[in-house]
Amino acid sequence: QMPADEYSSLLYVIKRSYTLAPEESFEYTSIKPVTLRGKPRWIHAKGNFLTSDNPDKIKFSIIVTDVYNFKNTQQQLEIQNTKNNLALSISNMIIWEYDISTRFITLHNSEEKSIPYWKNDMCFSQSKDDYIALYTKIDEGATEGSSFIHFKNFFGYQTWMQVSFKTTYNDNGRLSGALF
């Protein structure tokens, strides 16, 4: 049995979808867990409208799926990501991601800005060749690598850092970039 507010939300989605695009399918995911058979459940509904002789009645077929485990895992992942981001924000590590298709890096400890990897001005000139060589290794097929690079940080201090990378792949198994 679905709570009245969830039922109303689902009916609203069905009616609105029918009004806007009756030839298309509709989807709905509960905004909070609903109680089904005495247990909390997240539901996902997907349906299609059917032709009807009576224009005053909306006919549709609908499949309702229990996505509780998915939503629960998603919430746990969000909590873990929040904890990881907090830990990174108070550590002295810098993490960035390299996208091989755009040749940009995205810094994850700051305001998440993306820049071309060759324009990283945090690297001193005497280390620039070693820094660029890391990206060349990725282009040549290396799955991981490391080098010591002379950096200046946001406050102008200098430091030598060991920079390591491991390549990342997309869902099709193709090289997508690297995580540093």
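Preceding block: the structure.
Residues numbered from 1 in each chain as written. Predicted model: local features only at pLDDT ≥ 70, side-chain atom pairs only at ≥ 80, totals over all residues. Heavy atoms only, no water.

### Some details on helix H3 (residues 125-139)
Turning to step 1, where the next piece is worked out: Spanning 15 residues, H3 covers 22 Å between terminal C-alpha atoms, matching the ideal 21 Å at 1.5 Å per step.
Turning to step 2, where the next piece is worked out: Among all positions of H3, only Ser127, Tyr131, Leu134, Tyr135 and Ile138 are buried. Projection of H3 onto a plane perpendicular to its axis shows the buried side chains occupying an angular sector of 95°, all on one side. Counted as exposed and oriented over 90 degrees from the buried face of H3: Ser125 and Asp129.
Turning to step 3, where the next piece is worked out: Residues of H3 that are buried sit in contact with strand S6 (96-99), strand S7 (104-107), strand S9 (144-152), strand S10 (158-169) and strand S11 (175-179).
Turning to step 4, where the next piece is worked out: Following H3 by one or two positions, Gly141 has its phi on the positive side, about 105°. (Helix = DSSP H or I, 4+ residues; strand = E, 2+ residues; numbered from the N terminus. Expected span 1.5 Å × (residues − 1). Buried < 20%, exposed > 50% of the residue type's maximum accessible area, 1.4 Å probe, protein only. Arc of directions from axis to C-beta. Contact = heavy atoms within 4.5 Å.)

### Focus on the packing of aromatic side chains
Geometrically, a pair of aromatic rings is defined through the distance of the ring centres and the angle of the planes.
Turning to step 1, where the next piece is worked out: Scanning the model with the defined rule gives 9 aromatic pairs in all.
Turning to step 2, where the next piece is worked out: With a centroid separation of 5.1 Å and an interplanar angle of 10°, the aromatic rings of Trp96 and Phe180 are classed as stacked. Of this pair, Trp96 sits in strand S6 while Phe180 sits in the segment after S11, placing them 84 residues apart in sequence. Each of the two residues, Trp96 as well as Phe180, counts as buried. (Phe/Tyr/Trp six-rings, centres within 6.5 Å; stacked < 30°, edge-to-face > 60°.)

Note that every value here comes from positions in space, so none of it alone points to a role or purpose.
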